[in-house]
Amino acid sequence: MQQMIFATKNKGKIKEIKAILSDLPLEVLSMEEAGITIDVVEDGATFEENALKKAVEIAKISGKLTMADDSGLEIDFLDGKPGVYSARYLGENTPYTEKNAHILSLLKEVPQQKRGARFVSVIAAAFPDGKTLTTEGVIEGRIGYEIKGENGFGYDPIFFVPEKGKTTAQLSPEEKNAISHRARALQKMKVLLQKEWEGQM
Ligand code: IMP
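These remarks concern the structure in this document.

### Some words on helix α3 (residues 96-106)
Then, number 1: Along α3, the positions that sit buried rather than exposed are K99, N100, I103 and L104. Down the axis of α3, the smallest arc covering the buried residues is 135°, so these residues share one side.
Then, number 2: Of the surrounding secondary structure, the elements contacted by the buried residues of α3 are β3 (66-75) and β6 (132-143).

Encoded structure:
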């Protein structure tokens, strides 16, 4: 089976991504599994710039189809922050228990209708010949009032999804994969890839 690399070192993400892409005729490798150890600096101003930069650099090194995502949490009350800086917010190595507690404290007195937030994911695919594709997925929700749930990672325990009545950390992996920003962007990417492959036949 043809191999593809998904350029992330985040173990939470790679698990979600492998599950979502499991029906593609491709073996999905993490960077670790592909033996690639370089760090691509995410210095772009947008999710798209960062995702493209990672995918293109790793495709060049590996000679394999490479996908990368850049994602983050946009909070309306904080003018869209942490946004593209979500991973680095309050320091890359600061535990999410602290980051989440800090956000809850900033929004302490904020009423429900002003707690709007969304997770955004941009997926980039880079082919070894230099061709690239990008897709975006979004899930709308709001910042909860307390930390809830043990699944997922990152900001999941404070991201409340009204239709589910739960945070994304309270959803099972299957439930999260059915509605997440990353799943939505990946589903769109699967359609683009299939068109690309059909065009080559
Ligand atoms: P990236 O690895 O540069 O894309 O950083 C994305 C950051 O956004 C992660 O480290 C998390 O802080 C946050 N994030 C993105 N997607 C999710 C999610 O599904 N749940 C919780 N946090 C997320």
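Resuming the write-up.
### Quick notes on the site of the ligand
Then, number 1: Around the ligand there are 16 residues in total, and K13, E42, Y96, K176 and R182 lie nearest to it.
Then, number 2: S71 places a polar main-chain atom, nitrogen or oxygen, 2.9 Å from an oxygen atom of the ligand.
Then, number 3: Contact between the ligand and H181: a nitrogen atom at 3.0 Å from a side-chain N or O atom of the residue.
Then, number 4: Burial of the ligand by the protein chains amounts to 94% of its free accessible area of 480 Å².
Then, number 5: Of all the secondary-structure elements, those providing two or more residues to the shell around the ligand are β3 and α5 (181-200).
Then, number 6: It is β3 that contributes the most residues to the shell around the ligand, three residues altogether.
Then, number 7: Across the shell around the ligand, the residue classes tally to five nonpolar, five polar and six charged.

Scoring rules and cut-offs
Residues numbered from 1 in each chain as written. Predicted model: local features only at pLDDT ≥ 70, side-chain atom pairs only at ≥ 80, totals over all residues. Heavy atoms only, no water. Buried < 20%, exposed > 50% of the residue type's maximum accessible area, 1.4 Å probe, protein only. Helix = DSSP H or I, 4+ residues; strand = E, 2+ residues; numbered from the N terminus. Arc of directions from axis to C-beta. Contact = heavy atoms within 4.5 Å. Near = heavy atom within 4 Å. Polar contact = N/O pair within 3.5 Å; in protein donor to acceptor, adjacent residues only side chain to side chain. Areas by Shrake-Rupley, 256 points an atom, 1.4 Å probe, with all protein chains shown as cover. Nonpolar A, V, L, I, M, F, W, Y, C, P; charged D, E, K, R; others polar.

Shape descriptors only; they carry no functional weight alone.
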